[in-house]
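If you want the building blocks of each chain, they are given just below.
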Amino acid sequence: MMQSEVTEKELIRILILGEMPLKIYALKELHKHRMQVPFHELEPVISCTNEDFTAALICYGQLLSPDERVKMAEHLIQSPNPVNLRGVINLLTGCRYPTEILKFLLQQIPCCSDLILKRDLIWALQPHISKLPQAFFQPLLRHPSPSIALTVIKLLAANPKTSFRALLEEAQAHHEPRIRATALVGLWKLGDPSLVEQTSSQTCSKTLELYIRALGFTGPDPTVQNLLESLSLNSNIAIRYAAYLSLGKVGRKDQVPEILLRAVEEFSLPVCSAMIRTCLKLNEDETIRTLLNLFELYSEAEDTDSIEKINYFIELTPHHAAALKIVTSLKDSRSIHENQHREGETSLDLNLIQDLVDHLQRGSHKSNLTVNNNVQSLNRFEFLELLG
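Residues numbered from 1 in each chain as written. Predicted model: local features only at pLDDT ≥ 70, side-chain atom pairs only at ≥ 80, totals over all residues. Heavy atoms only, no water.

1. Some thoughts on the state of the cysteines
Thinking step 1. Counted under the stated rule, the structure contains zero disulfides.
Thinking step 2. No disulfide involves C112; its sulfur sits 7.0 Å from that of C111, the nearest cysteine. (Disulfide = S-S within 2.5 Å.)

2. Looking at the side chain of D221
Thinking step 1. Turning to its location among the elements, D221 is positioned in the loop between α14 (205-215) and α15 (222-231).
Thinking step 2. Within the buried core, D221 has no salt-bridge partner, and the shortest N-O distance to an opposite charge, that of R252, equals 9.9 Å.
Thinking step 3. A polar atom in the side chain of D221 sits 2.9 Å from the backbone nitrogen of T223. (Helix = DSSP H or I, 4+ residues; strand = E, 2+ residues; numbered from the N terminus. Buried < 20%, exposed > 50% of the residue type's maximum accessible area, 1.4 Å probe, protein only. Lys, Arg positive; Asp, Glu negative; His and termini not counted. Salt bridge = Lys/Arg side-chain N within 4 Å of Asp/Glu carboxyl O. Polar contact = N/O pair within 3.5 Å; in protein donor to acceptor, adjacent residues only side chain to side chain.)

3. Brief notes about the packing of α14 against helix α16 (residues 237-250)
Thinking step 1. Packing of α14 against α16 leaves a shortest axis separation of 8 Å and a crossing angle of 10°. In terms of orientation, α14 and α16 fall into the roughly parallel class. Contact residues: α14 offers S205, L208, E209, I212, R213 and L215, while α16 offers A238, I239, Y241, A242, A243, L245, S246 and V250.
Thinking step 2. Taken together, the residues of the contact of α14 with α16 break down into ten nonpolar, two polar and two charged. (Axes fitted to C-alpha atoms, helices over the stretch in contact; angles between N-to-C directions. Parallel < 35°, antiparallel > 145°, perpendicular 65-115°, else oblique. Contact = heavy atoms within 4.5 Å. Nonpolar A, V, L, I, M, F, W, Y, C, P; charged D, E, K, R; others polar.)

4. Some thoughts on the packing of aromatic side chains
Thinking step 1. Scanning all chains against the criterion turns up three aromatic pairs.
Thinking step 2. When the centroid spacing of 5.2 Å and the interplanar angle of 75° are considered together, the rings of F136 and F137 count as edge-to-face. When sorted by exposure, F136 lands in the same class as F137, which is buried.
Thinking step 3. Judged by centre distance (6.3 Å) and plane angle (75°), the ring pair of F137 and F164 falls under edge-to-face. Of this pair, F137 sits in helix α9 (residues 134-141) while F164 sits in the loop between α10 (146-158) and α11 (165-170), placing them 27 residues apart in sequence. We note that F137, like F164, is buried.
Thinking step 4. An aromatic cluster is defined as three or more aromatic residues linked by ring pairs; in this entry it consists of F136, F137 and F164. (Phe/Tyr/Trp six-rings, centres within 6.5 Å; stacked < 30°, edge-to-face > 60°.)

5. As for unusual backbone geometry
Thinking step 1. Of note in this structure, R34 is not a glycine but carries a positive phi near 50°.
Thinking step 2. By the element assignment, R34 lies in the loop between α2 (20-32) and α3 (39-42).
Thinking step 3. In this model, E302 sits at a positive phi of 55°, which is unusual for a non-glycine residue.
Thinking step 4. Within the secondary structure, E302 sits in the loop between α19 (284-300) and α20 (304-315).

6. Describing the nonpolar core
Thinking step 1. Counting residues in each nonpolar core, the largest one holds 108 residues, and the members touching the most others are M72, L105, F137 and L156.
Thinking step 2. Here the element with the most residues in this core is helix α18 (residues 269-282); it accounts for eight residues.
Thinking step 3. Every residue in contact with F137, bar those within four places of it in the chain, is listed here: I129, L132, V152, L155, L156 and L167. (Core = buried A, V, L, I, M, F, W, Y, C linked by side-chain atoms within 4.5 Å.)

7. Here's the deal with the pattern of salt bridges
Thinking step 1. With the rule as written, the count across this model stands at eight salt bridges.
Thinking step 2. One salt bridge in this structure joins E209 and R213, with 3.6 Å as the shortest N-O distance. Taken as a pair, E209 and R213 lie in helix α14 at a separation of four residues, close to a single helical turn.
Thinking step 3. A relative accessible area of 21% means that E209 is categorised as partly exposed.
Thinking step 4. According to the relative accessible area criterion, R213 is partly exposed, its value standing at 32%.
Thinking step 5. Taking the shortest distance from any N to any O, the salt bridge between E266 and R240 comes out at 2.8 Å.

8. Some words on the packing of helix α17 (residues 256-265) against α20
Thinking step 1. Orientation of α17 relative to α20, taken along the N-to-C sense of each, is 125°, at an axis distance of 9 Å. Between α17 and α20, the angle falls in the class oblique. At the point where α17 passes α20, the crossing takes the right-handed sense. When α17 is examined against α20, the residues A263, V264 and E265 are found in contact with a partner set consisting of S306, K309, I310 and F313.
Thinking step 2. Considering only residue class, the contact of α17 with α20 consists of four nonpolar, one polar and two charged. (Left-handed = near helix turned anticlockwise from the far one by under 90°.)

9. A look at helix α12 (residues 177-189)
Thinking step 1. For α12, built from 13 residues, the straight-helix expectation of 18 Å at 1.5 Å per residue is met to within 8% by its first-to-last C-alpha distance of 19 Å.
Thinking step 2. A large share of α12 lies buried, amounting to eleven of its 13 residues.
Thinking step 3. Buried within α12 are the following residues: P177, I179, R180, A181, T182, A183, L184, V185, G186, L187 and W188.
Thinking step 4. In this structure, the buried residues of α12 make contact with α10, α11, α13 (194-201), α14 and α15.
Thinking step 5. Following α12 by one or two positions, G191 has its phi on the positive side, about 100°. (Expected span 1.5 Å × (residues − 1).)

Here you go:
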């Protein structure tokens, strides 16, 4: 502990008194070891003009508290040196910042020729979006690059205000379907049901896919859930894929078993993966329990194709190691059961699968599951061997 404190003090001393290469080294070491230096100790060096030093300083600044990151951004903006705009934006991410910084950002947007940086500057306005007049956004909505207009519409649709309605409605005339769909999300949040209606009426599959993805940003709603449920049965693979991704954001937990049953019959592996990810988002425990129950069901029916697919599904789950060990237990228990049946011995507990599944759910999905006293189908040695 003392060594760490001494090292930190020495690095700060190098940072203040050292030559530029040593200053940069000290900053990188502070960042590497995640040593959080109080902002007032960094102030004397913030005005350094070296670009590499400024880059290292901004990188280190990510370790600071939001308030200290804002202070650092203010110092960089007020410095006579050229401003590292991208660095300032990174420092401000997730922070509430004062009006002076807002004014600075607004001044940079019209003259910024780098489209990616321009988009980042627009997105950085999020904490103050309600203060900005409609007239500020209109030229950006008509920008030659659709990516700029899309960024503006995403910003407006994320937390729409009634004052934004005219802008969102204007975006409905845009030639880019992604922009129209995103604007409809904002209008939906303001009480306009047009998104569902326009999604249902789309005839172009690529446009329909964009609208379906937009439905995932509406929030839970029975009308949206029913529409996505219907679209998930579409014959077009891309449409099914998009529908399941959106269901993962706005679907219901009780949809998990039905989706997994459908997944066994689904021939497209990308769609299968989307279905599993959706179920995991909706209810992770229920997904793993259902998969294990399905494994037992199809094992009894000796449906090898379905068993192979369910094994693939289990491998996609976050805790697949524990689940796969339980699958192994099912295979082993069935083999033991067959041998005992041939030899006339007492059969295994038929509730083994449910006991193991329940235990997985209670045990935080760890592979070293604790043995439950109610699981008596395997003797202690066999069960411990099984779980490793």
